[in-house]
Structure formats: structure tokens, C-alpha cells
Amino acid sequence: MIPDDEFIRVEGVPITKEEIRAVSIGKLRLNKDDVVVDIGCGSGGMTVEIAKRCKFVYAIDVDDKAIETTTKNLKKFGIKNCKVIKGNAKEILNDIDFNKAFIGGTKDIEEIIKTLNKKEIKHIVANTIVLENAIRVISLLEKYNYNVEVVNVSVSYGKKISIGYMMMAKNPITIITGKKG
Ligand SMILES: C[S@@+](CC[C@H](N)C(=O)[O-])C[C@H]1O[C@@H](n2cnc3c(N)ncnc32)[C@H](O)[C@@H]1O
């Protein structure tokens, strides 16, 4: 994994932290011939890591600053097998071909998972920080007969204080995997 501080960051644009990227990448079980869509690419943290391990990535975000930041990070890390697309994923997914999906942003998640199912995408990984969104993703994947795995990852970073390292907790992230076939 690329350390978080090596990514170009812009205020207000989130990034998936290194340890969460590591587990999420593991859950995607990437192959060299996979074409992956990154729904809600943010700073491009996941986009870069996915692109390094597969054939091609479509990185989508509704936010201008996210598109700019992802584009800069792709350039910084020399990633060429990626197309960045500005817009709401629900309006873009029908026009692109891919076989795996990573969901980092959950706006209009109902339409997004409906489309992924219609396109017969057999492997979906989603990250959520908000409990209600995790429940929404789980229910939708079950509705479309995906086999669902739910993992909650809590990361703490050691902060050096006078008597040793004190662990500082980060927000737990729910990583949901839906598979079928
Ligand atoms: C938590 S950030 C993703 C961070 C990213 N995985 C990274 O490593 O840098 C979520 C992003 O999803 C975007 N987003 C949310 N719903 C979306 C949708 N339906 N279509 C496109 N982008 C979306 C937001 O604008 C935001 O930039």
C-alpha cells in the first residue's frame, strides 16, 4: 500500500486510509484481467491501488475537486490504465463495461446496486462509515441475491507519549462484499 501522506490531498476531499485500502483491496481479489469501476473515487486512493493490480479502472465522482485530486494522483503515481469520469455513477454505469465494482460513495446507492445487478456484476465491495448506509448496502445486496460478507474494521494508531505508545482510535469502517455465481 502507498502511505497516506504520499497522496496529493485537497481540503474537503476524503481518502480511504491505508489500512482500510489494504483490506478492501484484499476483498476485491483482483486479477490482472479485471476491469473495475471505482464509484466515488474521492482522492483516488483506491483508484491508484486498484489500477496497480488490474487491467483497467473507471474512476467516477460527482465532485469537481475529487476529479481533480484523483487525476493528480494518477499522474503522480504514473497510472495510465484509468479513465476518470465526472458525474453521478447512477448515470454512467450503463455506458461502461467492467466486471468488478468498488463502492466508496453511497449517494443513490439503490439505483447503483440495481444497475450493478442488471449488468450481472458478480463481485462488489463497498466501504461505509455510516451505519445506516451499511444496512442499506447489505439489504440491497441481499435483495439481488448476492452472498454477503460484512467486516467491520477498527484501526488505532499509536501515539508516542512520555511512558509509551497510546492507541488513538479512528472511526470504524464497514467493508461489505457481495458475490454471486
Ligand atoms: C469517502 S470518498 C472516497 C474516497 C476514495 N475511495 C479514496 O480512496 O480516495 C466518497 C466519494 O464518493 C463520491 N460519491 C458519492 N456518491 C457518488 C455517486 N453516486 N456517484 C459518484 N460519486 C459519488 C463523493 O463525492 C466522495 O468524493
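Keep in mind the model is a prediction, meaning the values are calculated, not measured.

1. Describing the packing of aromatic side chains
Note on aromatic pairs: each is described by the distance of the centres and the angle between the planes.
Now for step 1: According to the stated counting rule, one finds 2 aromatic pairs in the structure shown.
Now for step 2: Judged by centre distance (5.1 Å) and plane angle (55°), the ring pair of phenylalanine 7 and phenylalanine 77 falls under tilted. Of this pair, phenylalanine 7 sits in the segment before helix H1 (18-28) while phenylalanine 77 sits in the loop between helix H3 (64-76) and strand E3 (82-86); the two residues are 70 residues apart in sequence, bridging distant segments of the chain.
Now for step 3: Accessibility expressed as a relative area gives 22% for phenylalanine 77, which makes it partly exposed.
Now for step 4: With centroids separated by 5.1 Å and ring planes inclined at 65°, the aromatic side chains of phenylalanine 56 and tyrosine 58 adopt a geometry described as edge-to-face.
Now for step 5: Classification of phenylalanine 56 as partly exposed rests on a relative accessible area of 25%.
Now for step 6: If you follow lysine 180 out to its NZ or CZ, it ends over the ring of tyrosine 146, 4.3 Å from the centre.

2. Digging into the UniProt feature "binding site: S-adenosyl-L-methionine" (unreviewed entry) in the chain
Now for step 1: Here, UniProt's "binding site: S-adenosyl-L-methionine" (unreviewed entry) annotation points to Thr16, Gly40, Cys41, Gly42, Ser43, Gly44, Asp61 and Ala89.
Now for step 2: By secondary structure assignment, the location of cysteine 41 is in the loop between strand E1 (35-39) and helix H2 (45-51).
Now for step 3: Excluding anything up to four places from it in sequence, cysteine 41 contacts Thr47, Ala59, Ile60, Asp61 and Thr70.
Now for step 4: Checked against the element boundaries, aspartate 61 lands in strand E2 (residues 56-61).
Now for step 5: When sequence neighbours within four positions are dropped, the list of residues in contact with aspartate 61 reads Gly40, Cys41, Gly42, Ala66, Ile67, Ile85, Lys86 and Gly87.
Now for step 6: Reaching out from aspartate 61, the side chain makes a polar contact with the backbone nitrogen of aspartate 63 at a distance of 3.0 Å.

3. A closer look at the pairing of E2
Now for step 1: Taking burial as the measure, the 6 residues of E2 include 5 buried ones, the bulk of the element.
Now for step 2: Sheet topology note: the E1/E2 ladder contains 5 bridges and is parallel. Its bridge partner being in E2, valine 37 is matched across the sheet by tyrosine 58.
Now for step 3: Handedness of the E1-H2-E2 crossover: right-handed.

4. Points about the environment of aspartate 38
Now for step 1: Relative to the helices and strands, aspartate 38 is located in strand E1.
Now for step 2: According to the relative accessible area criterion, aspartate 38 is buried, its value standing at 1%.
Now for step 3: In the structure, aspartate 38 is positioned 119 residues away from tyrosine 157 in sequence and 27 Å away in space, judged by C-alpha atoms.
Now for step 4: Other than its neighbours up to four places away in sequence, aspartate 38 contacts Met46, Thr47, Val57, Tyr58, Ala59, Ile60 and Phe102.
Now for step 5: Among the polar contacts listed, one links the side chain of aspartate 38 to the side chain of threonine 47, at a separation of 2.6 Å.

5. Some details on the state of the cysteines
Covalent bonding between the sulfur atoms of two cysteines defines a disulfide.
Now for step 1: By the definition in use, this model includes 0 disulfides.
Now for step 2: Here cysteine 54 stays free of any disulfide, with the sulfur of cysteine 82 as its closest cysteine sulfur at 8.9 Å.
Now for step 3: On the basis of relative accessible area, cysteine 54 is assigned to the buried category, the value being 6%.
Now for step 4: This cysteine, cysteine 82, is not joined by any disulfide, and cysteine 41 carries the nearest cysteine sulfur, 7.6 Å off.

6. Section: helix H5 (residues 131-143)
Now for step 1: Its 13 residues place the ends of H5 18 Å apart at the C-alpha level, agreeing with the 18 Å of an ideal helix rising 1.5 Å per residue.
Now for step 2: Taken as a whole, H5 has its buried residues at Asn133, Ala134, Val137, Leu140 and Leu141. In an axial view of H5, the angular spread of the buried residues amounts to 135°, which keeps them on one side of the axis. The exposed residues of H5 that point more than 90 degrees off its buried face are Leu131, Ile135 and Lys143.
Now for step 3: Against the buried residues of H5 lie helix H4 (109-118), strand E5 (123-128), strand E6 (147-153) and strand E9 (173-179).

Conventions adopted
- Residues numbered from 1 in each chain as written.
- Predicted model: local features only at pLDDT ≥ 70, side-chain atom pairs only at ≥ 80, totals over all residues.
- Heavy atoms only, no water.
- Phe/Tyr/Trp six-rings, centres within 6.5 Å; stacked < 30°, edge-to-face > 60°.
- Helix = DSSP H or I, 4+ residues; strand = E, 2+ residues; numbered from the N terminus.
- Buried < 20%, exposed > 50% of the residue type's maximum accessible area, 1.4 Å probe, protein only.
- Lys NZ or Arg CZ within 6 Å of the ring centre and 35° of its normal.
- UniProt positions renumbered as here; feature names shortened; annotations may be inferred.
- Contact = heavy atoms within 4.5 Å.
- Polar contact = N/O pair within 3.5 Å; in protein donor to acceptor, adjacent residues only side chain to side chain.
- Pairing = 2+ DSSP bridges.
- Right-handed = clockwise from strand over helix to strand, strands pointing away.
- Disulfide = S-S within 2.5 Å.
- Expected span 1.5 Å × (residues − 1).
- Arc of directions from axis to C-beta.

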